[in-house]
Amino acid sequence: MFKGLITNNMAEKVFDLLNEMKIEPNQFTFTVLFNACAAFNNDRIMKIGKKLLAEMPENYLNNNITLTSAINMLMKFGDVESAERIFGSIKTKDIITYGAMMKGYVGNGMSEKALTLFEQIDIELDYVTYIIVFNACAQLCNNQAMKIGTKLLAKMPENYRNDNIISTSAIDMLMKFGDVKRAEQTFRSIKAKDAATYGALMNGYNLNNEPWKCFKILEEMNQKDITPDDSTWKILIGACSKSGMLHHCQHIMDQIPLNIQNNIQIQNSLIDMWGKCGLIEKAKNIFDLLVDRDTITYNAMINAFGLNGLGTQAVELYREMPNNLRNHISHICVLNACSHAGLLHEARTIFNEISLKTQSINNTMVDCLSRLFMFDEAQKLIDDYEKTNTPSIVMYMSLLSGARNNRNRNLSEKIYKRMKILFPNDKESLASGVVLLSNIYSSLGEHQEAKNFRSNQIEELGVKVKVGLSWTEIKGQIVQLKAHDHSHPQSAEIYAKIDRLKSKAIENGFIFDSSWITRPLNENETNESVLCGHSELLVIALQLIQEPVPKRIQVVKNLRVCGHCHEFTKVIAKIEQCDIVVRDANRIHHFYPNGQCSCQDHF
């Protein structure tokens with residue numbers, strides 16, 4: 001009866017039946033009861049499980065099956081220490097016992113311990129062990145994990161390679177390592193793929209910033225009559241959110257079955273998707289039709305408003321949101337919306353109302369203050385936070401970014417020096433700091449100093465600076481360009497169009513601001529040619545060639561838009577009398593035919 005209730009997902013009834021039991025449990029009964037307890041995680045069940053374990057006869061302590069169930073239960077309770085104690089007491093461990101221990105470590109976010117234990121195993125592995133170790137490597141994702149994971153995959157027996165669950169775990173691991181090529185090879189080697197396998201591949205593309213590959217994979221699924229499940233549709237909606245292109249969003253939306261569209265998790269994902277591609281009206285329509293809104297629904301809509309520069313609407317919705325649904329994400333979303341709309345009073349009021357201020361909430365408030373050049377107040381907030389907490393590099397990056405926009409050299413140098421002391425191992429963030437500070441030197445005309453500082457510091461850090469990329473959709477295909485790109489077949493036309501736009505802008509009184517040039521000019525270069533070679537402008541020019549009288553141009557950029565491109569895009573929207581939507585790393589800019597931007601220059 002106990003086992004049958006668990007099998008039929010009615011484990012809670014086990015404990016009612018246990019109270020009626022008048023005979024002593026045997027080792028099989030204990031095993032089943034521990035499995036029932038593992039299905040729950042509340043105080044009552046934890047009490048019952050630990051009491052059963054304490055009362056278990058000593059002669060059962062040599063039974064691997066029973067003790068493995070006890071280990072699994074304790075790990076689900078989060079009682080890792082007690083699980084380790086039982087594991088240590090087992091004289092002859094089998095692979096299932098090792099598996100329970102490793103799985104427990106992974107479940108408790110202790111994958112390093114799982115891999116350390118794995119390296120001690122000197123018996124034959126079963127297929128479950130491969131899944132657990134691949135999952136541990138995917139969670140940990142450091143050099144040790146990459147070494148263990150790739151080695152284990154290479155020597156995996158041939159008969160396991162066609163197991164979809166193992167292969168799906170391997171694909172997930174490789175994608176998290178950033179090894180897209182090998183993940184694709186593993187995927188192609190599977191003979192009978194299912195929705196979960198396709199889902200793992202698509203999720204990996206999203207993780208590695210190649211979301212447009214997901215749409216080709218969906219075509220393959222359709223050709224092979226493999227029906228996407230709820231989770232696959234969520235991944236595809238996530239791919240649309242990342243790509244930011246309207247055609248993809250509508251194409252996927254049109255294929256989702258109505259019964260799945262009505263799922264609240266899918267609807268929440270759709271609100272996020274439409275918000276991230278700049279169609280706030282569509283996001284709001286879904287939100288308005290939702291009756292049983294949950295925390296994620298409100299957070300997605302507040303965030304959509306914030307991304308699109310509608311800070312006031314974000315604050316209004318936050319105020320309408322029931323208090324019991326608000327969480328720390330709600331606070332971050334609304335403060336971020338205030339930050340991007342320059343709503344300092346509203347941000348201060350909301351921040352002061354929040355009782356538990358997490359690091360992320362403080363990060364967002366510092367960002368808000370820094371964008372408005374309130375550096376003393378931002379620094380005080382950082383100082384107060386650090387009295388009781390570990391310093392956060394995000395706060396310093398926000399402060400440095402604000403100082404760069406303010407061209408405050410002294411403050412920027414002071415912040416960067418502090419960052420190097422506090423965060424010597426955060427190479428990626430320090431590299432971003434180097435770029436910001438060198439840009440300040442360039443904006444003050446000190447190009448040689450900027451060049452020397454940048455090259456010396458980047459070499460010292462040993463990292464690569466992220467390349468700026470912009471992309472758009474043309475005739476159903478994603479076209480991606482970098483700054484001063486000449487790889488496109490229509491490059492000559494692109495630069496000719498840029499020249500015509502420059503001429504018209506100058507006729508309208510536009511002045512090219514050389515302070516946004518971040519390096520010395522090369523021979524045959526001008527301020528205009530350097531500034532107008534940025535990737536988002538090339539993509540806009542390409543769109544104007546394809547459609548000379550467009551209603552809407554859409555661009556996504558992986559870095560933040562610079563001040564010059566922001567001003568020039570306003571002018572282009574006015575010259576061409578069209579809407580231009582540019583999503584950068586921080587927000588969405590809606591450039592209107594009247595020459596204005598939705599961000600009101602709060603970027």
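Residues numbered from 1 in each chain as written. Predicted model: local features only at pLDDT ≥ 70, side-chain atom pairs only at ≥ 80, totals over all residues. Heavy atoms only, no water.

Taking an unreviewed UniProt entry as the reference, the protein is identified by name as DYW domain-containing protein belonging to Rotaria magnacalcarata.

### Thoughts on helix 20 (residues 295–307)
The terminal C-alpha atoms of helix 20 lie 18 Å apart, and with 13 residues this matches the ideal 18 Å at 1.5 Å per residue to within 8%. Taken across its 13 residues, helix 20 has twelve buried, putting it largely inside the fold. Buried positions along helix 20 lie against helix 18 (264–276), helix 19 (280–289), helix 21 (311–320), helix 22 (328–341) and strand 5 (588–591). Just past helix 20, the residue Gly309 takes up positive phi, approximately 80°. (Helix = DSSP H or I, 4+ residues; strand = E, 2+ residues; numbered from the N terminus. Expected span 1.5 Å × (residues − 1). Buried < 20%, exposed > 50% of the residue type's maximum accessible area, 1.4 Å probe, protein only. Contact = heavy atoms within 4.5 Å.)

### Quick look at the pattern of salt bridges
The full count for this structure, using the stated rule, is 29 salt bridges. One salt bridge in this structure joins Arg161 and Glu158, with 3.9 Å as the shortest N-O distance. Judged by relative accessible area, which is 23%, Arg161 ranks as partly exposed. On the basis of relative accessibility, which here comes to 62%, the residue Glu158 falls in the exposed class. Residues Asp288 and Lys284 are paired through a salt bridge, measuring 2.8 Å at the closest nitrogen-oxygen approach. Placement of both Asp288 and Lys284 in helix 19 is noted, with a separation of four residues, approximately one turn of the helix. Classification of Asp288 as partly exposed rests on a relative accessible area of 41%. (Salt bridge = Lys/Arg side-chain N within 4 Å of Asp/Glu carboxyl O.)

### Let's talk about helix 25 (residues 375–386)
Residues separated by three or four positions in an α-helix point in the same direction, a consequence of the helix having 3.6 residues per turn. End to end, helix 25 covers 16 Å across twelve residues, agreeing with the expected 16 Å (1.5 Å per residue, within 8%). Every buried residue of helix 25 is listed here: Phe375, Ala378, Leu381, Ile382, Tyr385 and Glu386. The buried residues of helix 25 occupy one face: seen down the axis, they fall within an arc of 130°. What points out from helix 25, more than 90 degrees from its buried face, is the exposed set Asp376 and Lys380. Buried residues belonging to helix 25 abut helix 23 (344–353), helix 24 (359–371), helix 26 (393–405) and helix 27 (409–422). (Arc of directions from axis to C-beta.)

### What about the domain arrangement of the protein?
Looking at the assigned domains, one finds that the protein contains domain 1 (193–250) and domain 2 (469–597). Contacts between the two partners involve nine residues from domain 1, matched on the other side by eleven residues from domain 2. Interface area, domain 1 with domain 2, both sides summed: about 870 Å², of which 57% is carbon and sulfur. Of all residues in domain 1, Trp212, Met245 and Leu246 give up the largest surface area on contact with domain 2, accounting jointly for 57% of the area buried on that side. Along the contact surface separating domain 1 from domain 2 lie zero salt bridges. The tally of links from domain 1 across to domain 2 stands at five residue pairs in polar contact (both at pLDDT 80 or more). Where the side of domain 1 that touches domain 2 is concerned, the elements lending two or more residues are helix 15 (230–243) and helix 16 (246–255). Here the residues of the side of domain 1 that touches domain 2 sort into three nonpolar, five polar and one charged. (Domains from an automatic or database assignment. Buried area = accessible area lost by both parts, 1.4 Å probe. Polar contact = N/O pair within 3.5 Å; in protein donor to acceptor, adjacent residues only side chain to side chain. Nonpolar A, V, L, I, M, F, W, Y, C, P; charged D, E, K, R; others polar.)

### Quick look at the UniProt feature "domain: DYW" (unreviewed entry) in the protein
UniProt tags residues 509–602 as "domain: DYW" (unreviewed entry). Between the C-alpha atoms that bound residues 509–602 the distance is 23 Å, and the span itself is 33% helix and 16% strand. (UniProt positions renumbered as here; feature names shortened; annotations may be inferred.)

### Brief notes about the pairing of strand 5
Residues of strand 5 alternate between two faces, with Ile588 and His590 on one and His589 and Phe591 on the opposite face, all of them buried. Relative to strand 5, strand 4 (residues 579–583) runs antiparallel, the two sharing four bridges. Looking across to strand 5, one finds that Val582 is bridged to His589. Between strand 4 and strand 5, which pair antiparallel and follow one another directly, the connecting turn spans four residues. (Pairing = 2+ DSSP bridges.)

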